[in-house]
Amino acid sequence: AQKITQTQPGMFVQEKEAVTLDCTYDTSDPSYGLFWYKQPSSGEMIFLIYQGSYDQQNATEGRYSLNFQKARKSANLVISASQLGDSAMYFCAMREASGTYKYIFGTGTRLKVLA
Amino acid sequence: KAGVTQTPRYLIKTRGQQVTLSCSPISGHRSVSWYQQTPGQGLQFLFEYFSETQRNKGNFPGRFSGRQFSNSRSEMNVSTLELGDSALYLCASSLGAGDGTDTQYFGPGTRLTVL
């Protein structure tokens, strides 16, 4: 069955440093997508980055990169040069290509960037 | 391109009343999903509509219902409101492709308070 695990309920990082948010997943489907979303205190979920299961290279979007280790079933989000505006909840999600098409979300990691 | 819009943004109701929330997806998106987010339960999937048909459903009582119109706009209805229905309700739209690449984009949410 689909499952997403985010083991870090909260993290702190100094401004301008890099931070890695962990995400592991479980699926038996060979084709799936992995997503990261940011949720500031305002509540809106903002799409950050996508990684497909067949993608050979790690996805990157500006300061965001996804460290995709397929054999370990992990999809960690790396934020480089953290900014105060990065303080938010971060959710990892997965969608399988077959079956119910449901998105499965992790429980989230609250990131606080310190000045 | 305009993003996902949700109305109203804030709502206060009393127990026993009913409420209707509205979601307009990104132009061209045919899938609309609804989520409930509470501090205690996290992000929970309510249902997904694709081309006016409910494609997926979460584990919520029948008091929660939805529909989708031919222009892909969607409404969610909650009848006989309970205190526990107080939450942030998020709507997400996507193209609705039946594979793992389908990316959901979220609206700003409707914050419902039940007194």
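Predicted model only: the values in this text are computed from it and were never measured.

Draft legend 1. Local environment of the interface of chain A and chain B. Listed per partner, the contact involves 20 residues of chain A and 23 residues of chain B. Across the chain A to chain B interface the summed buried area is about 1,700 Å²; carbon plus sulfur atoms make up 52%. Linking chain A with chain B are 4 residue pairs in polar contact (both at pLDDT 80 or more). Listing elements by their share of the side of chain A that touches chain B, those giving two or more residues are β5 (32–39), β6 (46–52), β10 (88–96) and β11 (103–105) of chain A. Grouping the amino acids of the side of chain A that touches chain B by side-chain chemistry returns 11 nonpolar, 5 polar and 4 charged.

Draft legend 2. Structural detail: the side chain of Ser72(B). All names here are of chain B. Mapped onto the elements, Ser 72 comes out in the loop between β7 (64–68) and β8 (74–78). Given a relative accessible area of 12%, Ser 72 falls into the buried group. There is a polar contact of 3.2 Å between the side chain of Ser 72 and the backbone oxygen of His 29. If we ignore the near neighbours within four places in the chain, the residues touching Ser 72 are Pro 25, His 29, Arg 30 and Val 32.

Draft legend 3. Just the packing of aromatic side chains, in detail. This model, assessed by the stated rule, comprises 13 aromatic pairs over all chains. Pairing Phe47(B) with Tyr49(B) gives two aromatic rings, centres 5.7 Å apart and planes at 70 degrees, and the pair type is edge-to-face. You'll find Phe47(B) and Tyr49(B) in the same group, each marked buried. For the pair Phe60(B) and Phe64(B), a centre-to-centre distance of 5.1 Å together with 65 degrees between the ring planes defines the contact as edge-to-face. Given a relative accessible area of 14%, Phe60(B) falls into the buried group. Grouped by ring-pair contacts, the aromatic residues Tyr37(A), Phe47(A), Phe105(A), Tyr35(B), Phe45(B), Tyr105(B) and Phe106(B) constitute a single cluster. The ring of Tyr64(A) carries Arg63(A) above its face, with NZ or CZ at 5.7 Å from the centroid.

Draft legend 4. Spatial organisation of the nonpolar core. All names here are of chain A. The biggest cluster of nonpolar side chains holds 25 residues, and the ones touching the most others in it are Tyr 25, Trp 36, Ile 49, Leu 77, Tyr 90 and Leu 111. At the level of secondary structure, the elements contributing two or more residues to this core comprise β2 (10–14), β3 (19–21), β5, β6, β8 (64–69), β9 (74–79), β10 and β12 (109–114). Among the elements that make up this core, the one with the highest residue count is β10 (4 residues). With sequence-adjacent residues up to four places away left out, Leu 111 is seen in contact with Met 11, Val 13, Val 19, Ile 79, Asp 86, Ser 87, Ala 88 and Tyr 90.

Draft legend 5. Local environment of the pairing of β10(A). Residue and element names in this part refer to chain A. The element β10 is extensively covered by neighbouring structure, given that 9 of its 9 residues are classed as buried. In the sheet, β5 pairs with β10 via 8 bridges, with the strands oriented antiparallel. If you follow Leu 34 over to β10, its bridge partner there is Met 94. By the bridge criterion, 3 bridges tie β10 to β12 in an arrangement that is antiparallel. Bridge pairing in β12 links Ala 88 to Leu 111. Where β10 lies against β11, 3 bridges are found, and the strand directions are antiparallel. When the sheet's bridge partners are listed, Met 94 is paired in β11 with Ile 104.

Draft legend 6. Here's a closer look at the sheet that holds strand β1 (residues 5–7) of chain B. Residue and element names in this part refer to chain B. Here we have 4 strands laid out as an open sheet, ordered β1-β3-β8-β7, and antiparallel in their pairing. Edge strands, defined here as strands with exactly one partner in the open sheet, are β1 and β7. Pairwise comparison of adjacent strand axes, ignoring direction, gives a mean angle of 20 degrees for this sheet. As paired elements, strand β3 (residues 19–24) and β8 share 5 bridges and run antiparallel to each other.

Criteria and cut-off values
Residues numbered from 1 in each chain as written. Chains lettered and ligands numbered in written order. Predicted model: local features only at pLDDT ≥ 70, side-chain atom pairs only at ≥ 80, totals over all residues. Heavy atoms only, no water. Contact = heavy atoms within 4.5 Å. Buried area = accessible area lost by both parts, 1.4 Å probe. Polar contact = N/O pair within 3.5 Å; in protein donor to acceptor, adjacent residues only side chain to side chain. Helix = DSSP H or I, 4+ residues; strand = E, 2+ residues; numbered from the N terminus. Nonpolar A, V, L, I, M, F, W, Y, C, P; charged D, E, K, R; others polar. Buried < 20%, exposed > 50% of the residue type's maximum accessible area, 1.4 Å probe, protein only. Phe/Tyr/Trp six-rings, centres within 6.5 Å; stacked < 30°, edge-to-face > 60°. Lys NZ or Arg CZ within 6 Å of the ring centre and 35° of its normal. Core = buried A, V, L, I, M, F, W, Y, C linked by side-chain atoms within 4.5 Å. Pairing = 2+ DSSP bridges. Axes fitted to C-alpha atoms, helices over the stretch in contact; angles between N-to-C directions.

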